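Summary of structural features
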Amino acid sequence: MEIKEEGASEEGQHFLPTPQANDTGDFQFTSIQKTPNEPQLEFILACRGLSRPARDRGRRPREPNALVQVSVAQPAAPGPTRYASTEVVEGTRDPLFLTGVTFPSDYPIYEETKIKLTVYDVKDKAHDTVQTSVLPERQDPPPEAGRSFLGYASFTVGELLRSKEQLLALSLRTSDGGKVVGTIEVSVVKMGEIEDGEADHVTTDVQGQKCALVCECAAPDGGSGKENLPFLNAVLKNPVCKLYRFPTSDNKWMRIREQMSESILSFHIPKELISLHIKEDLCRNQELKELGELSPHWDNLRKNVLTHCDQMVNMYQDILTELSKETGSSFKSSSSKGEKTLEFVPINLHLQRMHVHSPHLKDALYDVITVGAPAAHFQGFKNGGLRKLLHRFEMERRNTGYQFIYYSPENTAKAKEVLSNINQLQPLIATHADLLLNSASQHSPDSLKNSLKMLSEKTELFVHAFKDQLVRSALLALYTARPGGVPKKPPSPKSSADDSCPQDAPPPVGRQDSIPHHSDYDEEEWDRVWANVGKSLNCIIDMVDKLIARDGASEGGGGSSKDGEKDASPVDPITAHPKEDWYEQLCPLICALKDCMGEVVNRAKQSLAFVLLQELAAGLPQCLMLTLRRDVVFSQALAGLVCGFIIKLHTSLHDPGFLQQLHTVGLVVQYEGLLSTYSDEIGMLEDMAVGISDLKKVAFKIIEAKSNDVLPVITGRREHYVVEVKLPARMFEVLPPPVREGQLLHVHPVLFNVGINEQQTLADRFGDVSLQESINQENFELLKEYYAVFMEKMPPDYISHFQEQNDLKGLLENLHQNIQAKKRKNVEIMWLAATICRKLNGIRFTCCKSAKDRTSMSVTLEQCSILRDEHQLHKDFFIRALDCMRSRQTQGALSESDDPETGCLTDNKPTSRHFYPVALLLVSSHLLVVWLILSLALLLAKYQ
């Protein structure tokens, strides 16, 4: 499946056809002075003295329901193009529009650009079909479109910017340019700047909502977030902005800029992850091939496993190849969720940001990552999701019979961990051993001590990795799988490795090419083999101490004895040729250490690879299919997590409390799920629960960027991933020392799900909601554990800051009570979990099946609730503010690539931006049923 390629990926080309955006001919245009990464131009609109619409036959005269459509005409373009529109303000001749107009930083706008404002009277708001696609402007719509033309006005951008106080009052005229039907005011908005002397008293009269409003802004908080925007833009692209102004409870304006951005991490993270999977699987396949000779039964199993594993690797390579070809869109629409080559890519991954500038309060940013629920849509949900499938697979493995050896998931994970540690530590030990020899050849005591210290630390970690019964039992199991292998414990011969090591000679090492066969197997030999590594290290330590001591004695003792007589003893060869003898004395010991270590690695790798063979052989092909499903779900979840972590890091980089919290207790990551517990969405929820839980395996490491490539890099394996986030030097220096030194930063994911759609109504009445209840209860315990660690490790003054804002303990108790209440569609769980997450400086996610309708309703409702609770939004304007954010009409002219849902925009379908007009789903099931009946009736009437 080829993603619909964006004809114009840059924001400035989203609204205009390519020839208009780029082909300016021989004209020279005057650019607008602008702040980097800020919109070039923003303005708000209001009308005065609009004429009443013509009286309909048999109806009483009414006040107009005004709407303004904004069109843009470039100097070199043949005609205007629709760009945006306001919301509908009903029943007033003096409408004050809450929705503004914004031109992003990359939009091709100049002082000569002409803007046309057309005012319409909307007869029926429900049936209005304002054209929003990128098409040349047509004539006035026919009467049946549900609106009628009132008047228009036009101006150039230069006229607006050069006007007094950047305010224009324009006369609205009829289409023939004769009659004046009212006035429209255009006022430039500068968010975050002081507007001297601005006191624009406006009175609104909107169906019972009368309020004297004063447009007055306080000075912004001089935050440093703007300094980080250029770097943040490296992972975000194609922003879509909207501007609003809402009144506060004290009748003053606050301004809101809403931005939705795509993330290039939607494809980058899956490609990084698939590359790691291929590397890990190829390494595992090679280890299985190097198991050596096996009995016919086990050899046939190994061949079968390798055949399936090779097929899996080839499939991963094909998917990676197809993903590398994708150069168009930076997100996956829900219409592509069933595509095989795109199943690792998250659905509709976007950043939804709300920037609030309110009087007497600091500017605030509220971020929510919206993404489709991580799930394996291509594989389907006929048999359930990962939560059920993994449990069923584990039960089947326990009853596989005599053909296989059962190892618990914990032992299998332990085997993978030990193998990973071996592969990491062995080259490190060899490197430090060579550095030790280099220090010896240079006769440098200080360097010798430092090299020995590093060698000792890594070797002790290496030895400690094998202090586990799993390796011993796996060796025995592997022996029985050899041809003619019979376990036997002969008398333990005395080994020279058990004696104390001579002072000047390495311990002898019994070398074998493979694990012993037949009756010569000794179950205790493994203990002696890996213990030889530690004894070899002790011999090296003793020799280094002796060499340094003799070197100090030769320098301090001179050549005299106690009575001043000349010492007649022969000259010590160590002091006579220090440089040569130090190297010669240590080299045999280092070689012995490497030999012992090689013997341990050879045995351990084979035994642990045999453990992995059992896991694969016992469940083919289900085991590999479950691995694939888990990889797919995890890839989608990880892409969203990395995006959220980078955004949170950049917005809070200059907050010392946040940085301390980051490396002390980690970050809580709260996922708000809106999936129902009915039909296929049960399987989606099961996938999502496992995928989010697997994020506990992820740690972040912040490194300094050495080039312009700032995309994150992923290392590790399936049981443990490290995401390296790159920061420029000026930002890296701000971090605390532990973070700069490479400390791993952990996240604590939690998921709370509340189904809210009509399918959940059926599940509540006739189905089973135990899955949702158990997920919420399990994750509440995880959140409570994080809170306990947070309260224990964070300083008291930082904790008191949270307690003053809201009692976190009380919020947790309230959340627990709501989870225990088992109330239908208890949306209070979502509000409480989101509030706790914000209070704890966490990362917020909202997910539904495709990050469309339910997600949009939840996000817009949350945004308006924040404005009401945190920024004193006027209570009479809550519903109107919600309507503005959800209104399809205020979205402006969107190109095909702007629609995160279908790739196109039609007049009869709402887009998947987080603006959607249906609020009844969050109210009650009874209203929901009424809504469904009415919707069905409207559809039937429409298509008859």
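Refer to the structure printed above.
Notes on the structure in this doc start here.

Another aspect to go through is the overall build of the protein. Scanning the protein for helices and strands turns up 25 helices and 20 strands. Here the protein holds 944 residues, and 53% of them are scored as buried. Sequence-distant contacts in the protein: of pairs separated by 6 or more residues, those separated by 24 or more amount to 77%.

With respect to burial, strand β3 (residues 81-85) is a largely interior element, five of its five residues being buried. Here strand β2 (residues 66-73) runs beside β3; their pairing, made up of four bridges, is antiparallel. Among the inter-strand pairings, Val70 is bridged to a residue of β3, identified as Ala84.

Relative to the helices and strands, Arg854 resides in helix α23 (residues 853-871). Overall, the relative accessible area of 10% leaves Arg854 in the buried class. Reaching out from Arg854, the side chain makes a polar contact with the backbone oxygen of Leu674 at a distance of 3.0 Å. If near-sequence neighbours (up to four positions away) are discounted, Arg854 is found in contact with Leu674, Leu675, Ser676, Glu681, Ile756, Asn757, Cys848 and Lys849.

A few words now on unusual backbone geometry. Within the chain, Asn251 stands out as a residue other than glycine whose phi angle is a positive 65°. A relative accessible area of 26% means that Asn251 is categorised as partly exposed. Despite not being glycine, Gln872 shows a phi value in the positive range, around 60°. If you trace the backbone, Gln872 turns up in the loop between α23 and α24 (878-886).

Here the structure, examined in full by the defined rule, presents 32 salt bridges. Each member of the salt-bridge network shares a partner with another, and the members are Glu280, Asp281, Arg284, Asp631 and Arg718.

For Asn532, the location among the structural elements is in helix α10 (residues 525-556). Judged by relative accessible area, which is 11%, Asn532 ranks as buried. For the pair Asn532 and Met597, spaced 65 residues apart in the sequence, the C-alpha separation amounts to 8.4 Å.

Moving on: the pairing of β2. Of all eight residues in β2, eight are buried, a share of seventy percent or more. In this sheet, strand β5 (residues 114-122) lies alongside β2 in antiparallel orientation, the contact comprising eight bridges. The partner of Ala66 across the bridge, within β5, is Asp121.

On to the packing of helix α22 (residues 828-839) against α23. At a closest axis distance of 12 Å, the pairing of α22 and α23 adopts a crossing angle of 65°. The chirality of how α22 crosses α23 is right-handed. Across the interface between the two elements, Trp831, Ala834, Arg838 and Lys839 from α22 touch Leu861, Glu862, Ile866 and Glu870 from α23. Looking at the contact of α22 with α23 residue by residue, the class counts come to four nonpolar, no polar and four charged.

Position of Phe610 among the secondary structure elements: in helix α12 (residues 578-617). Those residues within four positions of Phe610 in sequence are excluded, and the remaining contacts are Leu291, Trp298, Ile405, Ala477, Leu478 and Ala481.

This brings us to the packing of aromatic side chains. Using the criterion set out here, one finds 13 aromatic pairs in the structure. Summarising the aromatic geometry, the rings of Tyr120 and Phe149 are spaced 6.3 Å apart at their centres and angled 75° between planes, so their arrangement reads as edge-to-face. Of the two residues, Tyr120 is situated in strand β5 and Phe149 in strand β6 (residues 147-156); the sequence distance between them amounts to 29 residues. Its relative accessible area of 22% is what places Phe149 among the partly exposed residues. Counting every residue linked through ring pairs, the aromatic cluster contains Phe43, Tyr83, Phe103, Tyr107 and Phe155. Across the ring face of Tyr152, the terminal group of Lys116 is positioned such that the distance to the ring centre comes to 5.1 Å.

Here the focus is the state of the cysteines. Within this structure, the stated rule accounts for zero disulfides. In this structure Cys847 is a free cysteine whose sulfur lies 8.0 Å from that of Cys848, the closest cysteine sulfur available.

Further remarks concern α22. Spanning 12 residues, α22 covers 16 Å between terminal C-alpha atoms, matching the ideal 16 Å at 1.5 Å per step. Among the 12 residues of α22, nine are classified as buried, and the element is accordingly described as predominantly covered. All of the buried residues along α22 are Ile829, Met830, Leu832, Ala833, Ala834, Thr835, Ile836, Cys837 and Lys839. Asn841 occupies a position one or two residues after α22 and carries a positive phi of about 60°.

Now for the side chain of Ser333. Relative to the elements of secondary structure, Ser333 occurs in the loop between α5 (296-325) and β13 (350-357). Assessed through its relative accessible area of 12%, Ser333 is described here as buried. Within the local environment of Ser333, its side chain forms a polar contact with the side chain of Ser335, the two groups lying 2.9 Å apart.

The next thing to look at is the environment of Ile115. Checked against the element boundaries, Ile115 lands in strand β5. You can call Ile115 buried: its relative accessible area is 0%. As for Ile115 and Val70, which are separated by 45 residues in sequence, their C-alpha atoms are 7.0 Å apart. Not counting chain neighbours up to four residues away, the residues in contact with Ile115 comprise Phe43, Val70, Ser71, Phe103, Ala153, Ser154, Phe155 and Val157.

A surface patch of nonpolar side chains, about 330 Å² in accessible area, is lined by Tyr678, Leu762 and Phe766. Along the chain, Tyr678 turns up in the loop between β15 (667-673) and α15 (680-693). Owing to a relative accessible area of 35%, Tyr678 belongs among the partly exposed residues under this scheme.

Core analysis: the largest hydrophobic core is formed by 86 residues, its most contacted members being Phe462, Phe466, Ile540 and Leu586. A per-element tally of this core places α12 first, with 18 residues. Other than its neighbours up to four places away in sequence, Leu586 contacts Leu437, Ala440, Leu448, Ile540, Met543, Val544 and Leu547. The next biggest cluster of nonpolar side chains, apart from the first, holds 59 residues, and it includes Ala373, Leu675, Ile702 and Phe845.

Reading across from one edge, β11-β12-β13-β14-β20-β15-β19-β16-β18-β17 is the order of the 10 strands in this open sheet, with mixed pairing throughout. The open sheet has two free edges, formed respectively by β11 (236-247) and β17 (713-717), since each of these has just one partner strand. Going across the sheet, the axis of each strand differs from the next one's by a mean of 25°, ignoring polarity. The pairing of strand β14 (residues 364-372) with strand β20 (residues 843-848) spans four bridges and is classified as parallel. Looking across to β20, one finds that Ile369 is bridged to Phe845. Lying on the sheet, α23 is in contact with β11, β12 (253-263), β13, β14, β15 and β20; it crosses β14 at an angle near 165°.

Reading the values: rules and limits
One numbering rule holds for all chains: residues counted from 1, following each sequence as written. Totals for whole chains, interfaces and linings use all residues, but because this is a predicted model, local features are given only for residues with pLDDT of at least 70 and pairs of side-chain atoms are given and counted only at 80 or more. By convention in this description, side-chain values take in all heavy atoms of the structure and omit both hydrogens and water. In this text, helices come from DSSP runs of H or I with a minimum length of four residues, and strands from runs of E with a minimum of two, each type numbered from the N-terminal end. Relative accessibility decides the category of a residue: with a 1.4 Å probe and only protein chains considered, values under 20% of the type maximum give buried, values over 50% give exposed, and everything between is partly exposed. Every residue pair with non-hydrogen atoms within 4.5 Å of one another is taken to be in contact. For two strands to count as paired, DSSP must find a minimum of two bridges between them. In protein, a polar contact requires one atom able to donate a hydrogen and another able to accept it; more generally it is a pair of N or O atoms within 3.5 Å, and residues adjacent in sequence count only if both atoms are side-chain atoms. Between Lys or Arg on one side and Asp or Glu on the other, a salt bridge is scored when a side-chain nitrogen of the former is within 4 Å of a carboxyl oxygen of the latter. Between N-to-C directions, angles span 0 to 180 degrees; the directions come from axes that are lines fitted to C-alpha atoms, helices contributing only their stretch in contact. In a left-handed crossing the near helix is turned counterclockwise from the far helix by less than a right angle, and in a right-handed crossing that turn is clockwise. The residue classification treats Ala, Val, Leu, Ile, Met, Phe, Trp, Tyr, Cys and Pro as nonpolar and Asp, Glu, Lys and Arg as charged. All others, Gly included, are polar. Under the pairing criterion, centres of Phe, Tyr and Trp rings, with the six-membered ring standing for Trp, must be within 6.5 Å; the plane angle then separates stacked pairs below 30 degrees from edge-to-face pairs above 60, leaving the rest tilted. Two conditions define a charge sitting above a ring: the NZ of Lys or the CZ of Arg must be within 6 Å of the ring centre, and it must be within 35 degrees of the ring normal. When two cysteine sulfur atoms are found within 2.5 Å, that pair is recorded as a disulfide. To estimate the expected span of a helix, count its residues, drop one, and scale the result by 1.5 Å. The patches described consist of residues with a relative accessible area above 30% and no salt bridge, like charges being joined within 9 Å and nonpolar side chains (Val, Leu, Ile, Met, Phe, Trp, Tyr) within 5 Å. The accessible surface values rely on the Shrake-Rupley method and a 1.4 Å probe; as for residues, cover is taken only from the protein chains in view. Among the buried residues, those of types Ala, Val, Leu, Ile, Met, Phe, Trp, Tyr and Cys that are joined through side-chain atoms within 4.5 Å form a nonpolar core.

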